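If you want the building blocks of each chain, they are given just below.
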Amino acid sequence: MAHLLVIESWVGSMSRLLPRALGEGGHRFTFLTRDLHHYLRAAPADGPHPLLAAENILTVDTNDPAVLLPYAERLHAVLGFDGVLSSCDYYLPQVARVARRLGLPGADPEAVAAACRKDLTRRVLAEAGVPGPAYALCEDQEQARAAARVIGYPLVVKPVDLCAGMFVREVVDETELLAAVRALDAFPVNARGQHREPAVLLEELLAGPEVSVETVSAGGAAHVVGITDKSIGGAPAFVETGHMFPAALDPAEAVAAADTALAALAALGLDHVVAHTEIKLTPAGPRVVEVNPRPAGNRITELVRRVTGVDLAAAAVDVALGRRPDLAVRPTGVTSAAIAFLVPEGEQAGLLDGFDGADAVRRDPAVVELALAGAGREVRAATSNNEYLGHVMTADTGGAGARCTAERLLAGLTPRLTAAEPAVEPAIVPVAEPATAPAAEPAAVPA
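All values derive from a computational prediction rather than experimental measurement. (Residues numbered from 1 in each chain as written. Predicted model: local features only at pLDDT ≥ 70, side-chain atom pairs only at ≥ 80, totals over all residues. Heavy atoms only, no water.)

Let's talk about the pattern of salt bridges
Stage number 1. Taken as a whole and assessed by the stated rule, the structure comprises 27 salt bridges.
Stage number 2. A salt bridge links Arg 20 to Asp 311, with the shortest nitrogen-to-oxygen separation between them at 3.4 Å. Taken as a pair, Arg 20 in helix α1 (residues 14-24) and Asp 311 in the loop between α10 (300-308) and α11 (312-320) lie far apart in primary sequence, 291 residues in all.
Stage number 3. Residue Arg 20 is classed as partly exposed on the basis of its relative accessible area of 29%.
Stage number 4. Assessed through its relative accessible area of 17%, Asp 311 is described here as buried.
Stage number 5. Among the ionic pairs, Asp 364 bridges to Arg 408, the shortest N-O distance being 3.6 Å. Here Asp 364 is found in the loop between α12 (358-363) and β16 (367-372), whereas its partner Arg 408 is found in helix α13 (residues 402-411), with 44 residues between them in sequence. (Salt bridge = Lys/Arg side-chain N within 4 Å of Asp/Glu carboxyl O. Helix = DSSP H or I, 4+ residues; strand = E, 2+ residues; numbered from the N terminus. Buried < 20%, exposed > 50% of the residue type's maximum accessible area, 1.4 Å probe, protein only.)

Structure follows, in structure tokens:
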């Protein structure tokens, strides 16, 4: 039985999947956070809080390496850790640094840092000849204006260090470009209290469907577990509205996408990681969107497990312990699994009162998981993956029909909204972190 140090986590599905994988593996874990209330505010309504599985919960400034590294070293001397990991993008570089400091298995800190910064990823991949969009890193509005004229409109504006599609926008002219840059300038600190890099990334708008390649790297060898397809909506934002595993690709497309993802991992020097690499299948061939050195979010890990029997959360634990994960595909009887997210449409706004059609969807035998936000949730136009109101997951045992079924069931759900009462005085609205499912009232239906 191993003892792992877990440094922060998301509060969505991975907050449950990671503790579950640790428990099922017979492991113990100590949880380290700078703000325990961040997790208590997201307490699940349908069971015990996943952090109750922790052997220890300790508080330290996980944002400051000068504080975190010596603290982890002192803890290691007393508690004896066998591995370090996190499911939160904002702390993956810290995890790599801590693992190196403690002499434990882990990815190269410089490689992880480059993967977690979109501009560094672009530079490394371009130097290695891995295909991606034309891009420019801009420090101010004047640089953005000049770069946009070279790249050409429409283009994509991105922060270099945020997640879940936050502040990622398609812009079609200079007016929209400057508005997007100003919006980023007004968001200097992320949801975890970390000061953001003020630079803005401009990218060529890539045409074609998007997929993600799920991989596990250990001991210098990278293994492709499979490819997931993505549905994107919410223009001019890029909101992930659904996924299906495996992606319905012809063999040549699948090989090209997988080879591109592996080339990206090799260029970045990423080993000892479970990775989720997003790829656009353009008419000119696959192009890398981004490389995430952690298991996929948005319940993709669950889709993979239902189809292949491979648990990517458990693989992440094994990799953190320096072990080779068991990636053997096992018959599950499921040929495709899909998830469809309920995203506020258009100018929908107000307070959530409930859902019409929820009982009928819940009774449908095709549903394997249904999660709906609770009454009182603030509803606003979706500008990132943070505004989900719920999801439906389905599994198909006879082909690639899971996506169509999930979308059909989702269409049967209609949110009921009431007008929000105006605040008596200015209110500070907390910024949500990337989440994969509503925090309240999830209902899982066994497969």
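Considerations on helix α7 (residues 141-151)
Stage number 1. Along α7, the positions that sit buried rather than exposed are Ala 144, Arg 145, Ala 147 and Ala 148.
Stage number 2. Its buried side turned inward, α7 meets β5 (135-138), β6 (155-159), α8 (174-185) and β8 (200-204).
Stage number 3. Its side-chain oxygen 3.2 Å from the backbone nitrogen of Glu 142, Asp 140 forms the N-cap of α7.
Stage number 4. After α7 finishes, the residue Gly 152 shows a positive phi value of roughly 95°. (Contact = heavy atoms within 4.5 Å. Polar contact = N/O pair within 3.5 Å; in protein donor to acceptor, adjacent residues only side chain to side chain.)

Structural notes on the environment of Ala 148
Stage number 1. Its location among the elements puts Ala 148 in helix α7.
Stage number 2. Through-space distance from the C-alpha of Ala 148 to that of Phe 29 is 48 Å; in sequence the pair is 119 residues apart.
Stage number 3. When residues no more than four places from it in sequence are discounted, the contact partners of Ala 148 are Tyr 153, Leu 155, Leu 177 and Leu 202.

Quick word on the packing of aromatic side chains
Stage number 1. Applying the stated rule across the entire model yields 4 aromatic pairs.
Stage number 2. Seen in terms of ring centroids, Trp 10 and Tyr 90 are 5.5 Å apart; in terms of plane orientation they differ by 75°. Their pairing is edge-to-face. In this pair, Trp 10 sits in the loop between β1 (3-7) and α1 while Tyr 90 sits in the loop between β4 (83-85) and α4 (92-102), placing the two residues 80 residues apart along the sequence. Neither residue differs from the other here; Trp 10 and Tyr 90 are each classed as buried. (Phe/Tyr/Trp six-rings, centres within 6.5 Å; stacked < 30°, edge-to-face > 60°.)

Quick look at the UniProt feature "domain: ATP-grasp" (unreviewed entry) in the protein
Stage number 1. Residues given the UniProt feature "domain: ATP-grasp" (unreviewed entry) here are residues 122-321.
Stage number 2. With 33% helix and 32% strand, residues 122-321 has its two end C-alpha atoms placed 30 Å apart. (UniProt positions renumbered as here; feature names shortened; annotations may be inferred.)

A word on unusual backbone geometry
Stage number 1. Residue Pro 236 is reached from Ala 235 by a cis peptide bond, and omega for that bond is 10°.
Stage number 2. Within the secondary structure, Pro 236 is located in the loop between β10 (221-233) and β11 (239-245).
Stage number 3. Phi is positive for Asn 298, which is not a glycine, with a value near 55°.
Stage number 4. Looking at where Asn 298 falls in the secondary structure, it is placed in the loop between β13 (285-292) and α10.
Stage number 5. Notably, Arg 299 is not glycine yet its phi reads approximately 70°, a positive angle.
Stage number 6. Within the secondary structure layout, Arg 299 lies in the loop between β13 and α10.

Here's the deal with the side chain of Asp 119
Stage number 1. Within the secondary structure, Asp 119 is located in helix α6 (residues 118-128).
Stage number 2. In contact with Asp 119, other than residues within four places in its own chain, are Leu 137, Val 160 and Leu 201.

Re the sheet that holds strand β7 (residues 169-171)
Stage number 1. Strand order in the open sheet made by the 4 strands is β5-β8-β6-β7, with antiparallel pairing throughout. Bordering the open sheet on either side are β5 and β7, each of which pairs with just one other strand. Sheet twist, expressed as the mean angle between neighbouring strand axes with direction ignored, is 25°.
Stage number 2. The sheet contact formed by β5 and β8 spans 4 bridges and is antiparallel. (Pairing = 2+ DSSP bridges. Axes fitted to C-alpha atoms, helices over the stretch in contact; angles between N-to-C directions.)

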